[in-house]
Amino acid sequence: MGSKVINFLSWFSVALMVAGFSAGFVSGQWFSLPLGVMLSGVVLLGISLVWRWQRLSPSNPWWQWRSTQSGTNALVATLAVLVILGLVNFIVVRYPYRADFTEQKTYSLAPQTLNVLSALPNPVEVLVFIGNDPSASDSQSQIVLQNQLLLKEYQRQQPNKFKFRFIDPQAEPGLARKHNIRNLGDISLVYDQRMKLLSSGLSEVTLTPAIALLTNERKATAYMIQGHNEVPLSGFTESLAGAVNQLKMEGITVEPLNLSLQQQIPDDADVLVIAGPKLPLLEAEVTLIRDFLKKGGNLFLMLDPEVDVGLKPILEAMSAKLDGRLIVDPKHARLAWPAALTYGEHPITESFSQKLSFFPFAQAVDVQEQPGQQVTPLLQTSEASWAETDLTGQQIQLDQGRDRKGPLTIGVAIKRSISAPPPAPKEKPSPPPKPSLSPPSPNSSPSPTASPTGEAVPSASPTAPNSESVPSPSLAPTPPLSTESVPPPTGESLQPEIQGEAARVVIIGDSDFAKDDPYFEQTVNRDIFVNAVSWLIMDGDDPTLSIRPKRVIQRTLDISDQMRMLLSVFGIVLLPLTALATAAALWWQRR
């Protein structure tokens, strides 16, 4: 009886010491409870040893007992396992290592991202403005989890210079207002005194270029062409003030530029923005812009329908053409405010798939493929929309053979190599009138189209007051207006990547979308403008532009019904029967 109590006391004391040590090691605090438990174990162990010593028999010392030896072996083995586990955990925490065995390296950052993070000169903070509602939907919780995983991976690469926070905009409205947050899920990047807003969702494709652009010490300058009744930059209700302020917050200098006065484009111009001119540019101005593009300059065109601003030579050099007709979308309450339902897979519109954007009084933009030119459709309307040829009718409806059915491309991004062959050869010497393109509608010959500019757009376009100042009615698109619809959105440009120095151009058939309008507060209209300028001013050899989203390849095993039945029989019947037969044979042999 006495030996059993001694054994129990010994093991119990060992258990107390292990428990106290584990509690102190895990919590990192060696006070009160862990030390008390360990001390109790030591005391009980001492009592058990003394008790065992008093029961010693000179002929059979306790250390020669079989129970003592087996107990010692078990104790040593237990301590060895604990020490090994502790060492393994210490090494893992001190020297973390991750291996991504997925085929597409889904959980690894791109080399371009690692280069950007390793080159960070100063800390960058990412603020994710998203609700902290515990009753949030599963999809929102999933988005938060994905954002955390991505940001933690960024922080793991640069723990001292990359920080992030999740902020509830309702709990901190002042901070949300300071960062110009408009939608739940917007992200603000803060670097020194500069900020950059991301409304296109958080992904490596959007975050890395944003960090590269924000931390770039190079001062980018965007010149807004003035002097042709363009959309005002400030001081008016409907102006580009909000978009311009957003550019300035991101460190982009915005300057007005009157080419007719200065007669040259400044050397520090990274991009020229022509936003909704109502008067045609002079030929000398067009020549300056064309030469600017030939040298690798970047151009952002926001052109309204039914107004010829004299940029046709530049557009033709890129095989681009403006449709000229107003796009109508019957699915929207405002008929002449088509929405973009499909966004191209491009840095400008990346992750906009679930976002809204409207383009009041817009026209379609068509660009043909050319060698040395990469064209990506950015914005496309719904199939229900169409380009209306006659706006003077009592009822606006799709006229087959005259109107152009959707989907229609509103915006495109063009990347054109400056060493590419000259513009596509003109096919002017083609006297045949090509009657086959126009449907056999007798009304098409007098070409009523949109040429009566003044009254053609009675209430739709704010450009109407200036329409009479447009000099030539020949501005209207060339007579045989196309009635062909745009092919389904391609999503991703399939043209080969442009190598070497290239000029970039963004063409959007509307200038109203970027104006300050309360209706656009819940849309990504302004983000499209800001992203377009940001993409245009990026260095041509910026490696972050080549980051593409990782695609998860779903691999499935397609087996026939016979094979499925065979596998079921093998797993459910044959394997258990084999094991049972083997066991029975062994029992019979040893019997």
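As a reminder, the structure under discussion sits directly above these lines.
What you see is a predicted model, and the numbers here were worked out from it, not measured in a lab. (Residues numbered from 1 in each chain as written. Predicted model: local features only at pLDDT ≥ 70, side-chain atom pairs only at ≥ 80, totals over all residues. Heavy atoms only, no water.)

Enquirer: For this particular structure, what's the right way to read the overall build of the chain?
Expert: Along the backbone of the chain there are 14 helices and 17 strands. Residues counted as buried form 43% of the 591 residues belonging to the chain. Residue pairs in contact within the chain that sit at least 24 positions apart in sequence constitute 78% of those at least 6 positions apart. Roughly 32600 Å² of accessible area belongs to the chain as shown, and the carbon and sulfur atoms make up 59% of that amount. (Helix = DSSP H or I, 4+ residues; strand = E, 2+ residues; numbered from the N terminus. Buried < 20%, exposed > 50% of the residue type's maximum accessible area, 1.4 Å probe, protein only. Contact = heavy atoms within 4.5 Å. Areas by Shrake-Rupley, 256 points an atom, 1.4 Å probe, with all protein chains shown as cover.)

Enquirer: Explain helix 7 (residues 204-215) to me, please; I cannot follow it from the model alone.
Expert: In an α-helix, one full turn covers 3.6 residues, which means residues spaced three or four apart are oriented alike. Given a rise of 1.5 Å per residue, twelve residues ought to cover 16 Å, and the 16 Å separating the end C-alpha atoms of helix 7 matches this to within 8%. Buried residues dominate helix 7, accounting for twelve of its twelve residues. (Expected span 1.5 Å × (residues − 1).)

Enquirer: Looking at this structure, how should I read the packing of aromatic side chains?
Expert: The description of an aromatic ring pair uses the distance of the two centres, along with the angle that the planes make with each other. This model, assessed by the stated rule, comprises seven aromatic pairs. Here F359 and F513 contribute two aromatic rings whose centre-to-centre distance is 5.2 Å and whose plane-to-plane angle is 40°, an arrangement assigned as tilted. With F359 in the loop between strand 11 (342-343) and strand 12 (365-367) and F513 in the loop between strand 17 (502-508) and helix 13 (525-537), the pair connects residues that are 154 residues apart, well separated along the chain. Looking at F359, the relative accessible area reads 0%, which means it is buried. (Phe/Tyr/Trp six-rings, centres within 6.5 Å; stacked < 30°, edge-to-face > 60°.)

Enquirer: Please explain the nonpolar core as it appears in this structure.
Expert: Counting 44 residues, the largest nonpolar core has F300, V506 and F529 as its most contacted members. Per-element tally for this core: the top contributor is helix 13, with eight residues. Apart from the residues lying within four places of it in its own chain, the contact partners of F300 are V271, L272, V273, I274, V506, I508, F513, F529, A532, V533 and L536. (Core = buried A, V, L, I, M, F, W, Y, C linked by side-chain atoms within 4.5 Å.)

Enquirer: Would you mind going over helix 10 (residues 283-294) with me for this structure?
Expert: Given a rise of 1.5 Å per residue, twelve residues ought to cover 16 Å, and the 16 Å separating the end C-alpha atoms of helix 10 matches this to within 8%. Turning to helix 10, its buried residues number three or more, namely E285, V286, I289, F292 and L293. End-on, the buried residues of helix 10 take up no more than an arc of 120°, which puts them together on one face. Opposite its buried face, helix 10 presents the exposed residues E283, A284 and K294, each directed more than 90 degrees away. Structurally, helix 10 contributes buried residues whose contacts are with helix 9 (259-262), strand 7 (271-275), strand 8 (298-302), helix 11 (312-317) and strand 17. In the segment just after helix 10, G296 is the residue with positive phi, at about 95°. (Arc of directions from axis to C-beta.)

Enquirer: Quick question: what am I supposed to make of the sheet that holds strand 6 (residues 252-257) here?
Expert: Within a sheet, adjacent strands bond to each other through the backbone by hydrogen bonds, running parallel or antiparallel. In space, the eight strands of this open sheet follow the order 6-5-7-8-17-16-13-11, with mixed pairing throughout. The sheet is open, and its two edges are formed by strand 6 and strand 11, each paired on a single side. Looking at chain direction, strand 5 (residues 220-225) and strand 6 are connected through six bridges and run parallel. From the neighbouring strand, T221 faces strand 6, where its bridge partner is T253. Here helix 13 sits on the sheet in contact with strand 5, strand 6, strand 7, strand 8, strand 11, strand 13 (373-380), strand 16 (409-417) and strand 17, set at roughly 165° to strand 17. (Pairing = 2+ DSSP bridges. Axes fitted to C-alpha atoms, helices over the stretch in contact; angles between N-to-C directions.)

Enquirer: Explain the packing of helix 4 (residues 111-118) against helix 7 here, please?
Expert: For any two helices packed against each other, the geometry is given by the interaxial angle and the distance between the axes. At a minimum axis separation of 10 Å, helix 4 and helix 7 run at an interaxial angle of 35°. Both helix 4 and helix 7 take part in a crossing whose hand is left-handed. Facing helix 4, whose interface residues are Q112, T113 and V116, helix 7 presents E204, T208, I211 and A212. (Left-handed = near helix turned anticlockwise from the far one by under 90°.)

Enquirer: Would you mind going over the sheet that holds strand 2 (residues 162-167) with me for this structure?
Expert: In space, the four strands of this open sheet follow the order 2-1-3-4, with mixed pairing throughout. The sheet is open, and its two edges are formed by strand 2 and strand 4 (194-198), each paired on a single side. For this sheet, the mean inter-axis angle between neighbouring strands, taken without regard to orientation, is 20°. Pairing analysis gives six bridges linking strand 1 (residues 124-129) to strand 2, with the strands arranged parallel. Of the residues in strand 2, the one forming a bridge with V128 is F166.

All quantities given are derived from atomic positions and should not be read as evidence of function.
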